[in-house]
Amino acid sequence: DAVVVPIWGYALKPAAVDCTDPSVVAGIPGPTLDVRVGYQVTVNLHNELPGTEAASLNFPGQPLAPDLVGVAPGSVATYSFFADAPGTSIYESGTDSTVQTAMGLYGALIVRPTVFGRAYTFGDTAFDSEATLVLSEIDPLANAAPGAFNFLDYDPKYFLINGKAYPQTDEIPAAPGQRLLLRYVNAGIRNHGMQSLGLRQRTIGIDGHPLAFHGDAVSIAMPAGQTADV
């Protein structure tokens, strides 16, 4: 609708490039971190937020203590952990998280099993194609003045899938007869429900943990901060 809304976002910065280089463009959601189970994951966070805004990263569900303090602008924080279990999870700001995640500091973390073409280790999680859908929302008043906004008044006007509002949202291609894996990540402050009209979805994992029993549903309830593999 031609309204310009400021955001904060993550960008993937090559090792030999400075954060100020025009090629380093922040966006929402942040880059999807896609790794194999058993590998060590190391992320160097360069804080380039305005003013004195500290920043950190949290990886819920991973074997790493949360960082609620972070580092000052112009500084670097390093986070390292072993991706010891397959599944879909979220990474997000751990400093002033309500404000900073509302501004756009979030992304998806995918840990893949050693067997190609499966969401988890066991066979009934096999898939032919996949899509990661990061859900979020924007209240333009909060984004215009994040330091002064009262989040008790949070009233989002834009509801996003992978940083885009309908009708700009991307299509998900799949051929007839294929099994499609949808990786839902609710990075918003509000709860959301996801459904594919005319189709049923089978939930196979929640918050990066496989479910022993799979249930079919038309609509999948997604509390704020939750992930689901369906």
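What you see is a predicted model, and the numbers here were worked out from it, not measured in a lab. (Residues numbered from 1 in each chain as written. Predicted model: local features only at pLDDT ≥ 70, side-chain atom pairs only at ≥ 80, totals over all residues. Heavy atoms only, no water.)

A. Local environment of the overall build of the protein. Looking only at helices and strands, one finds two helices and 14 strands in the protein. Rg of the C-alpha trace for the protein: 18 Å, near the compact-globule value of 17 Å for 230 residues, within the 12% margin. For the protein, the C-alpha atoms occupy an extent of roughly 50 × 40 × 30 Å along the three principal directions. Taken over 230 residues, the protein has a buried fraction of 41%. Across the protein, the fraction of contacts at a sequence separation of at least 24, relative to all contacts at a separation of at least 6, is 66%. When the accessible surface of the protein is totalled, it reaches about 12100 Å², and 57% of it is carbon and sulfur. Seen as two clouds, the 11 positive and the 22 negative side-chain charges of the protein have centres 11 Å apart. (Helix = DSSP H or I, 4+ residues; strand = E, 2+ residues; numbered from the N terminus. Rg over C-alpha atoms; globule rule 2.2 N^0.38 Å. Buried < 20%, exposed > 50% of the residue type's maximum accessible area, 1.4 Å probe, protein only. Contact = heavy atoms within 4.5 Å. Areas by Shrake-Rupley, 256 points an atom, 1.4 Å probe, with all protein chains shown as cover. Lys, Arg positive; Asp, Glu negative; His and termini not counted. Charge placed at Lys NZ, Arg CZ, Asp CG, Glu CD.)

B. Representation of the pairing of strand β5 (residues 106–112) in the model. Within β5, seven of the seven residues are buried, which leaves the element mostly enclosed by the surrounding structure. Alternating positions in β5 separate into two faces, Tyr106, Ala108, Ile110 and Arg112 on one and Gly107, Leu109 and Val111 on the other, with burial throughout. Relative to β5, strand β1 (residues 33–36) is paired through four bridges, and the arrangement is parallel. Looking across to β5, one finds that arginine 36 is bridged to arginine 112. Of the pairings in the sheet, the one linking strand β4 (residues 87–92) to β5 comprises six bridges and is antiparallel in character. Looking at β5, one finds that serine 89 is bridged to leucine 109. (Pairing = 2+ DSSP bridges.)

C. How the structure looks around the sheet that holds strand β11 (residues 201–206). Spatially, seven strands are ordered β8-β7-β6-β9-β14-β11-β12 in an open sheet, and the strand pairing comes out mixed. Across the chains shown, the open sheet's two edge strands, defined by having one partner strand only, are β8 (164–165) and β12 (209–217). As judged from the seven bridges shared by strand β6 (residues 129–138) and strand β9 (residues 180–186), these two strands associate in the parallel manner. Paired with threonine 132 across the two strands is arginine 183, which belongs to β9.

D. The layout of surface pockets, seen in detail. Its boundaries defined by the atoms lining it, the largest pocket holds a volume of some 940 Å³. Forming the walls of the largest pocket are 32 residues, and the residues nearest its centre are Leu180, Leu182, Ser196, Gln201 and Val230. If you list the elements that add at least two residues to the lining of the largest pocket, you get β6, β9, β10 (192–195), β11 and β12. Top element by residues in the lining of the largest pocket is β9. It accounts for four residues. Partitioned by chemical class, the residues of the lining of the largest pocket number 16 nonpolar, nine polar and seven charged. In this structure, the second largest pocket is lined by 28 residues; those nearest its centre are Tyr10, Ala11, Leu12, Leu45 and His46. Top contributing element to the lining of the second largest pocket by residue count: strand β2 (residues 40–46), with five residues. The class makeup of the residues in the lining of the second largest pocket is 19 nonpolar, seven polar and two charged. (1 Å grid on protein atoms, 1.4 Å probe; cavity = no way out; pocket = protein on both sides within 12 Å on 5 of 7 lines; lining within 4 Å. Points joined across faces, edges and corners; volume = space filled by probe spheres on them. Nonpolar A, V, L, I, M, F, W, Y, C, P; charged D, E, K, R; others polar.)

E. Summary view of the packing of aromatic side chains. This structure, assessed with the given rule, holds seven aromatic pairs. Their ring planes at 45 degrees and their centres at 5.7 Å tell us that tyrosine 10 and tyrosine 91 sit as a pair that is tilted. Pair noted here: tyrosine 10 is in the segment before β1 and tyrosine 91 is in strand β4, with a separation of 81 residues, a long-range link. You'll find tyrosine 10 and tyrosine 91 in the same group, each marked buried. (Phe/Tyr/Trp six-rings, centres within 6.5 Å; stacked < 30°, edge-to-face > 60°.)

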